[in-house]
Amino acid sequence: MKPSIVVIGAGPRGTGFLERLAANAPELYGDRELDIHLVDPFPPGGGRIWREEQSPLLWMNSMAEDVTMFTDASVTPLEGPVRPGPTLAEWAGLDGQHFPGRRAQGAYLRWVFEQAVAALPPTVTVHEHRTRALRIDGGRDGGQQVRLEGRPEPLDADLVLVTIGHLDAELDDEQAELERFADRHGLVHLPPDFTADSDLSALPAGEPVLVRGFGLAFIDLMVLLTEGRGGSHGEDGEYRPSGQEPVLYVGSRRGVPYHSKIGYTWQGERPPLPRHFGLQQIDALLAGPVPPDFRRDIWPLIEKELGFAHYHRLFTAHADRTTVGWPDFEEKYAAAEPGSAALDALVSASVPDPADRLDLDAFDHPLQGVRFDSYDALQDGLRSYITADLDRRHDPAHSQDLAVFLGALSVYGQVSRLGDIGTWWHGFFSYLASGPPGPRLRQLLALSRAGVVRFLGAEMAVEADETAGVFRASGASVPGERIEARALVEARLPDPTLERTRSPLLLALHRDGAEATAAGLLVVDPADGRIVEHGRGPHPRRFALGPHTIARAGGAFARPGTNAPAFRQNDATARAALTFLRDLSLVRT
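The sections below set out a description of the structure shown in this document. Because the structure is predicted, anything quoted here is derived from the model rather than measured.

Observations regarding the overall build of the protein chain
If you tally the helices and strands in the protein chain, you get 16 helices and 19 strands. Taking 2.2 N^0.38 as the reference for a compact globule, 589 residues should give roughly 25 Å; the C-alpha atoms of the protein chain span a radius of gyration of 25 Å, in line with that estimate. Summarising its shape, the C-alpha atoms of the protein chain cover approximately 80 × 65 × 50 Å along the three principal directions. Taking the contacts inside the protein chain whose residues are at least 6 apart along the sequence as the reference set, 75% of them involve residues at least 24 apart. Within the structure as shown, the protein chain displays about 24100 Å² of accessible surface, and the carbon and sulfur contribution to it stands at 51%. For the protein chain, the distance from the average site of its 59 positive side-chain charges to the average site of its 81 negative ones is 3 Å.

Written out as C-alpha cells, the structure is:
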C-alpha cells in the first residue's frame, strides 16, 4: 500500500507545510511513492480568508514587500534547506510600499501552492477534495480514517495534519442572550464573524448602528458599508456619501483604532534582538517550579525587551535627545530589574523629554482618565488623536516606534515557545503592530467629518433595554451620554475554543481525548506539532499547526528576514512526517 497523508486545510498554513515537504523530500524520502490528500472547501493557497473571490475593496494591512511565504537565512534553527522565493511585491511587480488588495494576496498564495506541488518529487501525487473533514478515526498504532462531508467512504491515511486556520465559534453566553433579545424585538445583532462573510444587507441606510470593536474587523466593516454602498473618497480628502450608508457609532475598551502602520522604512543599525526575551529567558521560565504567570513572570521581560528596542534606536539615531552615551545606558539598563524604580530612575535621568520615554501602560490606555465635556468634543478629540497618530507613524523623527515594532515581532516569535499564555498579549500586539494602513485612517477621519462614523470613546458598554426594545451604548469618555440603535455589530473575529468551535473535526478530536488548554487551544508537541492526548502523550499519527493550537505564532506568512516561527514549525512538522512515512514504507517493503 502506498503511504498517504491527509492535510485538512489547504490555506496558507497547509501550503507552507507543502512547501517544506517538497524542500525536505529529496533528503528524507527520496523517490518513494506518496499520496497527499488536501481537504478544504475553499480553493488551495488562499483558503477561506485569502480567497480571490471577495470584495476588491478589502486590503491587506501589510505592505507588499513585507509578505513572503518563503524561508530565508534568518530562519533559525532550520533543519531543512532554505528555499528563497519572491515576496508578494516581487512576484506581482508591485511597489513594495503599496498595500495590496486581498485578491492579490490570494493570487500569490495560489501561485505558491502551485509551485510547492510542482516541486514535489514525481512519485508524489496530490489529490484535492473540495469539502469539509468531519472527524478522524483510527488508533494510535494503525492507519487513520478521515470522514468527509458528502463522501460515504473515508480517506485512508497513515498520517493526518490539521491546518484549518481561523475558525467560527458558537456564541458565548453574552452573545447568545443578545441574539435572543434581538429576536424578541425585531432588532439586528451581528455576532463576531469574518466581515467579508457577514450579511450586511440587514443594516439599513441612514439608521444608527452600534459597533463594538475598533480593530481591523471594524475597518473592513467601515469600507464595505461606505465605498461598498456607492460612496467615494475624493482627491480633496473628503467623503462623498451615496445616501445608502448607515451611521456607525463605534467604540471599544480603548476607544481608539489600532495604531497606523508605520509609513517609512528602516535606516541604519537595527536593535540586536532578542536581548531580554530570548531562548535563555524562556528556558529559565520553563525550568521554574510552577508554570510561569503572564503578568508576574512574562510581561516584565517583554516590557524590558520592547524598551531595549526603543532606547537602542533613540540613543543611536536621535542621540541629541539623550544625556548619556548608549554603552553606559545599555549597561545600566541590562542590570536593572524589569519594572523597578531603578529602571525608571535611569530612564528619567537619561531621556529628558517624557515624550521620548516608552510608557506601555499609557500606550495601552490612551483615553484612561480623559473626559470630554460633550459628545461633539469627543468627536473633535478623537479626530485630533488619530491625526497625531498618523503624523507620528509617518515621521522618521520618531523611528523608535519602528524599533518597538521590530521588538514586538521578535517577542511574538519567541513567545510561542511558552505555549498558551492567554489572549491579552495577542490583542496588545495587534494594537501595536498590526493596525490598518495610514490611508484607511485618513478615510476614517473623512467619514467622521461627514458624520457617517461617530465615536463612542473608551470602555464602551452595551445595554439591552427590554422595555424600550432597543440596544443602548455608553462609554466612559463622555459620562451620561447614551446612544440608542436597533442594530448592533460585534466587529471582531470569533474566539473559538475546543468547546465552542463550530468545527465538527476539532469537536470530535477533543471528545476523543485531544488535550486543550484552559483557554481552549489544542495542545501539540512544540517540537513537531503532534497532537497531545490526555494521559497518552503526543499522537504518533496526528499533527496540527495554526491559530487553534498552542503553537500559534503570528500568521502563516511573514516579513522577510524576521525568523518567522511559522516557517520553523512547518519545517519541523514536514521532517517528522517524512521520517515517519519513510520508515513506514521500509516496513511495508
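A few points about the packing of aromatic side chains
One pass over the full model with this rule turns up 27 aromatic pairs. Ring centres of F315 and F329 lie 4.4 Å apart, and the angle between their planes is 25°; on these two criteria the pair is classed as stacked. Placement of the pair is F315 in helix α7 (residues 294-317) and F329 in helix α8 (residues 326-335), with a sequence separation of 14 residues. The class of F315 is buried, set by a relative accessible area of 5%. Members of the aromatic cluster, each reached through a chain of ring pairs, are Y258, F294, W299, F363, Y412, W424, W425, F428, F429 and Y431. Over the face of the ring belonging to Y333 we find K304, whose NZ or CZ atom lies 5.5 Å from the ring centre.

A few points about the sheet that holds strand β13 (residues 453-457)
The 5 strands lie next to each other as β8-β17-β9-β12-β13, forming an open sheet whose pairing is parallel. The open sheet has two edge strands with one neighbour each: β8 (188-190) and β13. Each adjacent strand pair in this sheet contributes to an overall mean axis angle of 20°, direction not counted. Pairing between strand β9 (residues 208-212) and strand β17 (residues 487-490): 3 bridges, direction parallel. Within the sheet, the bridge partner assigned to L210 lies in β17 and is L488. Sheet strands touched by helix α11 (residues 375-393): β12 (247-251) and β13. Its angle to β13, the strand with the most contacts, is close to 95°.

Structural notes on the pattern of salt bridges
Counted according to the given criterion, the structure contains 42 salt bridges. The network of salt bridges with shared partners includes R48, R51, D168 and D197.

Description of the side chain of R575
Along the chain, the position of R575 falls in helix α16 (residues 565-588). Residue class for R575 comes out buried when judged on its relative accessible area of 11%. Excluding residues within four positions of it along the chain, R575 makes contact with N24, E27, L28, E79 and G80.

Focus on helix α5 (residues 216-226)
In terms of residue burial, α5 counts as a mostly covered element, since 10 of its 11 residues are buried. When we look at burial in α5, the residues that qualify are A217, F218, I219, D220, L221, M222, V223, L224, L225 and T226.

Remarks on helix α4 (residues 173-185)
In this model α4 runs 19 Å from its N-terminal to its C-terminal C-alpha over 13 residues, within 8% of the 18 Å that 1.5 Å per residue would give. By the burial criterion, the buried members of α4 are Q175, L178, F181 and A182. Down the axis of α4, the smallest arc covering the buried residues is 120°, so these residues share one side. Seen from the open side of α4, the exposed residues pointing more than 90 degrees away from its buried face are D173 and D183. Where α4 is buried, its residues touch β8, β9, β14 (461-465), β15 (470-474) and β17. Between the side-chain oxygen of the N-cap and the backbone nitrogen of E174 there are 3.2 Å, and the N-cap of α4 in question is D172. Just beyond α4, the residue with positive phi is G186, at close to 65°.

Remarks on a negative patch on the surface
Residues E303, D344, D359 and D361 make up a contiguous surface patch of negative charge. The residue E303 is located in helix α7 in this model.

Overview of the environment of D395
With respect to the helices and strands, the residue D395 is situated in the loop between α11 and α12 (400-415). Between the C-alpha atom of D395 and that of P352, which follows or precedes it by 43 residues, the distance is 20 Å.

Section: unusual backbone geometry
Working note: non-glycine residues mostly have negative phi, and peptide bonds are mostly trans. The residue after T76, namely P77, is reached through a cis peptide bond having omega -10°. As for its placement among the helices and strands, P77 is situated in the loop between β2 (34-39) and α2 (88-92). Residue P274 follows L273 across a cis peptide bond; omega there is -5°. Residue placement: P274 occurs in the loop between β12 and α6 (279-286). In the Ramachandran plot, E459 falls in the positive-phi region, its phi being about 55° despite a non-glycine side chain. One can find E459 in the loop between β13 and β14. We classify E459 as partly exposed; its relative accessible area is 46%. Positive phi, close to 50°, is recorded for N563, a residue that is not glycine. As for its position among the elements, N563 is in the loop between β19 (537-544) and α16. When its relative accessible area of 18% is taken as the criterion, N563 is described as buried.

Remarks on the nonpolar core
L203, L210, F218 and L444 are the most contacted members of the largest nonpolar core, which totals 56 residues. When residues of this core are assigned to their parent elements, the largest contribution, 8 residues, is made by α5. The residues touching L444, leaving out its near neighbours within four places in the chain, are F214, F218, M222, P257, I386, V453 and F455. F294, W299, L360 and L432 belong to the second largest nonpolar core, which has 30 residues in total.

So, the packing of α7 against α8
Two elements in contact, α7 and α8, have axes whose closest approach is 11 Å; the angle formed by their N-to-C orientations is 170°. In terms of axis orientation, α7 runs roughly antiparallel to α8. Across from E303, K304, G307, F308, Y311, H312, F315 and T316 in α7, the residues of α8 making contact are W326, F329, E330, Y333, A334 and A335. Tallied by class, residues from the contact of α7 with α8 come to 8 nonpolar, 3 polar and 3 charged.

A closer look at the pairing of β19
Sheet analysis places strand β7 (residues 159-162) next to β19, joined by 3 bridges and oriented parallel. Across the sheet, residue V160 finds its bridge partner in β19, namely R542. Here strand β18 (residues 530-533) pairs with β19 via 3 bridges, running antiparallel. Within β19, the residue paired with V532 across the bridge is P538. Between the end of β18 and the start of β19, which pair antiparallel, lie 3 residues, with G535 showing a positive phi angle near 70°.

The rules behind the values
Residues numbered from 1 in each chain as written. Predicted model: local features only at pLDDT ≥ 70, side-chain atom pairs only at ≥ 80, totals over all residues. Heavy atoms only, no water. Helix = DSSP H or I, 4+ residues; strand = E, 2+ residues; numbered from the N terminus. Rg over C-alpha atoms; globule rule 2.2 N^0.38 Å. Contact = heavy atoms within 4.5 Å. Areas by Shrake-Rupley, 256 points an atom, 1.4 Å probe, with all protein chains shown as cover. Lys, Arg positive; Asp, Glu negative; His and termini not counted. Charge placed at Lys NZ, Arg CZ, Asp CG, Glu CD. Phe/Tyr/Trp six-rings, centres within 6.5 Å; stacked < 30°, edge-to-face > 60°. Buried < 20%, exposed > 50% of the residue type's maximum accessible area, 1.4 Å probe, protein only. Lys NZ or Arg CZ within 6 Å of the ring centre and 35° of its normal. Pairing = 2+ DSSP bridges. Axes fitted to C-alpha atoms, helices over the stretch in contact; angles between N-to-C directions. Salt bridge = Lys/Arg side-chain N within 4 Å of Asp/Glu carboxyl O. Expected span 1.5 Å × (residues − 1). Arc of directions from axis to C-beta. Polar contact = N/O pair within 3.5 Å; in protein donor to acceptor, adjacent residues only side chain to side chain. Patch = residues over 30% accessible without salt bridge, like charges linked within 9 Å, V, L, I, M, F, W, Y side chains within 5 Å. Core = buried A, V, L, I, M, F, W, Y, C linked by side-chain atoms within 4.5 Å. Parallel < 35°, antiparallel > 145°, perpendicular 65-115°, else oblique. Nonpolar A, V, L, I, M, F, W, Y, C, P; charged D, E, K, R; others polar.

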